[in-house]
Amino acid sequence: MSTIYDVARRAGVSISTVSLALNSPGRLRRSTLDRVLAAADELAYVPKAEAVTRARRGVGRIGVMAPFTSYPSFGRRLNGVLKATRDMPVEIVIYDQQSAAVTSPSLSSIPLTRQLDGLIIMALPLDEVVAQRLIQHKLPTVLVESEHPGFSSISIDDAEGGRLVAELLLRRGHTRVGCVIEQKRGQRRTLPAEARLVAFQRTLAAAGHPLPDVAIRHVPYGMEPARVAAADLLDQPDRPTAIFAYDDVLATGVLRAAREHGLRVPEDLAVVGFDDSELAEHLDLTTVRQPLEESGEVAIRTLLGHLADPSASLQRTTLGLSVVERSTT
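Bear in mind the structure is a predicted one, so any value in this text is a computation, not a measurement.

## As for empty space enclosed by the protein
1) Next: Enumeration over the complete set of coordinates arrives at two cavities of 30 Å³ or more.
2) Next: One number sums up the size of the largest cavity: a volume of about 50 Å³.
3) Next: As for the largest cavity, its lining consists of Tyr-71, Pro-72, Ser-73, Tyr-221, Asp-247, Asp-248, Val-249, Asp-275 and Ser-277.
4) Next: Among the residues forming the lining of the largest cavity, the class breakdown is four nonpolar, two polar and three charged.
5) Next: Ranked by residue count, the leading element in the lining of the second largest cavity is strand β5 (residues 152-156), at three residues.
6) Next: A per-class count over the lining of the second largest cavity returns four nonpolar, three polar and two charged.

## What to know about the side chain of Thr-286
1) Next: Within the secondary structure, Thr-286 sits in strand β10 (residues 286-289).
2) Next: On the basis of relative accessibility, which here comes to 0%, the residue Thr-286 falls in the buried class.
3) Next: Within the local environment of Thr-286, its side chain forms a polar contact with the side chain of Thr-329, the two groups lying 2.8 Å apart.
4) Next: Ignoring sequence-local partners within four residues, the contact set of Thr-286 consists of Leu-168, Val-271, Val-272, Gly-273, Val-323, Val-324, Glu-325, Arg-326, Ser-327, Thr-328 and Thr-329.

## Looking at the packing of helix α1 (residues 4-11) against helix α3 (residues 30-43)
Helix packing for two helices is described by the angle between their axes and how far apart those axes are.
1) Next: Remark: α1 packs on α3, axes separated minimally by 9 Å, with the N-to-C direction vectors making an angle of 125°. Judged by the inter-axis angle, α1 sits oblique to α3. In the packing of α1 onto α3, the handedness of the crossing is right-handed. Mapping the contact onto sequence places Asp-6, Val-7, Arg-10 and Ala-11 in α1 and Arg-35, Val-36, Ala-39, Ala-40, Glu-42 and Leu-43 in α3.
2) Next: When the residues that make up the contact of α1 with α3 are grouped by side-chain class, the tally is six nonpolar, no polar and four charged.

## Notes on α1
1) Next: Every buried residue of α1 is listed here: Ile-4, Val-7, Ala-8 and Ala-11. End-on view of α1: buried residues confined to an arc of 100°, all on one side of the axis. Turned more than 90 degrees off the buried face of α1, the exposed positions are Tyr-5 and Arg-9.
2) Next: Tucked inside the fold, the buried residues of α1 contact α2 (15-23) and α3.
3) Next: One or two residues past the end of α1 sits Gly-12, with phi positive at roughly 70°.

## A look at the packing of aromatic side chains
1) Next: Taken as a whole and assessed by the stated rule, the structure comprises three aromatic pairs.
2) Next: Ring centres 6.1 Å apart and planes at 80° place the aromatic pair Tyr-71 and Phe-74 in the edge-to-face group. In this structure, Tyr-71 and Phe-74 share a single accessibility class: buried.
3) Next: For the pair Phe-200 and Phe-244, a centre-to-centre distance of 4.9 Å together with 50° between the ring planes defines the contact as tilted. Here Phe-244 lies in strand β8 (residues 242-245) and Phe-200 lies in helix α9 (residues 191-206), a separation of 44 residues in the sequence. Accessibility assignment for this pair places Phe-200 and Phe-244 in one class, buried.
4) Next: Over the face of the ring belonging to Phe-74 we find Arg-77, whose NZ or CZ atom lies 4.5 Å from the ring centre.

## Some words on the pattern of salt bridges
Where charged atoms of side chains with opposite charge meet at close range, the side chains can pair.
1) Next: Summed over all chains, the structure comprises 21 salt bridges.
2) Next: Glu-297 is the salt-bridge partner of Lys-83, the closest N and O atoms lying 3.8 Å from each other. Taken together, the positions of Lys-83 in helix α5 (residues 73-84) and Glu-297 in helix α13 (residues 292-308) put the pair 214 residues apart, joining distant regions of the chain.
3) Next: Put simply, Glu-325 and Arg-172 hold a salt bridge, and the shortest N to O gap is 2.3 Å. Highlighted residues: Glu-325 in the segment after β12 (322-324) and Arg-172 in the loop between α8 (158-171) and β6 (177-182), separated in sequence by 153 residues.
4) Next: By sharing partners, the salt bridges in this structure join Glu-224, Arg-227, Arg-256 and Glu-260 into a single network.

What counts, and at which threshold
- Residues numbered from 1 in each chain as written.
- Predicted model: local features only at pLDDT ≥ 70, side-chain atom pairs only at ≥ 80, totals over all residues.
- Heavy atoms only, no water.
- 1 Å grid on protein atoms, 1.4 Å probe; cavity = no way out; pocket = protein on both sides within 12 Å on 5 of 7 lines; lining within 4 Å.
- Points joined across faces, edges and corners; volume = space filled by probe spheres on them.
- Nonpolar A, V, L, I, M, F, W, Y, C, P; charged D, E, K, R; others polar.
- Helix = DSSP H or I, 4+ residues; strand = E, 2+ residues; numbered from the N terminus.
- Buried < 20%, exposed > 50% of the residue type's maximum accessible area, 1.4 Å probe, protein only.
- Polar contact = N/O pair within 3.5 Å; in protein donor to acceptor, adjacent residues only side chain to side chain.
- Contact = heavy atoms within 4.5 Å.
- Axes fitted to C-alpha atoms, helices over the stretch in contact; angles between N-to-C directions.
- Parallel < 35°, antiparallel > 145°, perpendicular 65-115°, else oblique.
- Left-handed = near helix turned anticlockwise from the far one by under 90°.
- Arc of directions from axis to C-beta.
- Phe/Tyr/Trp six-rings, centres within 6.5 Å; stacked < 30°, edge-to-face > 60°.
- Lys NZ or Arg CZ within 6 Å of the ring centre and 35° of its normal.
- Salt bridge = Lys/Arg side-chain N within 4 Å of Asp/Glu carboxyl O.

Given below as C-alpha cells:
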C-alpha cells in the first residue's frame, strides 16, 4: 500500500501539502492540488481512515454537491432528495459550491477522502480528470443539469424552454423582444443559458422576427445586474415590448427596471422568467416551470439503484417543461 510519504515524494511537495490537498483542497493553488491528486491516482493511494471506511457495508452516506447559496432553485432540488430518503437509513451530506462556473476543489478530492457511498452533482462543471477519478475509485455518481458518458444524468430540455417562451411571446403579438442571460465574468455562457438563448433566437427568426445582438444582455447572476441590463435595454429608442430572463431571479431585476421606468407590466412590457420558483409565485411572474423537486427525487432514486446493483445500465432522464402564465404577460 502506498503511503502519504510516497505521494509527497511523487508530487514533489511536503506531507503537510498532501494533507491539505486531501482535507482542505480550497487552500491550495489549483496546479498544486492537481499535482498531488495526480500522484495519489498514480500510486492508488487510499488514506488509512478511508480504507477502514471502505470496508464498511451499508453505510448509506450520500453526498449532494450544488451551488445552493447562489441559486435558490437548488434548495428545492435538495428537498426532493430529502423527501425521497425520509424513511430510509440514508445520511445526506451537503457540499455547497458557490460558483457554478468552475469545478469545486472539494469535488477533486472527494473520491479519495470523503466517506461517501454515492454522490449527486448538480449543475457543476465536471472536467475529465475529475470524472475519471470518480470512475477509477468506483464512487457511484449521478449528474443533474449536466451530462457525461460515464454517469447517469437527470436533465431538462433547456432548448425546449427557450422555444416555449418565444412561442408564447409571439402569440401575444410581441415582435420586438429582449433577453437578459446569465454569463459568468470572463466565462462562456453556461450550457443551459446557451441552449435557452439559441432556441429562443431560432424560434423568433423562424417567425420572421430575428433577435439582434443589441437586444441581448449578458450579466453576472443577480437581481441588480439584471436590473441594470434591463434598464439599458429600456433606454433604447426602439425598446423591447417583452423581455425573457434566464431565470426568475433575473426576471425580478427586469421587473424592477420596468417599474423605475414607469412602465406598466404587461401593457408596456411583458416579462418571462424560468424555474417557477417561490419568487415567481410571489410576484405573479409568468415563467417556465421545471420539475425542481422531481429532479432531486429522480436523481437520488437513480443513485440508490446503482448502489443496489453496480452493474445496472446508465440512465439518461429528461424531465418535461411547461409555461405557467401569470400577470406579467
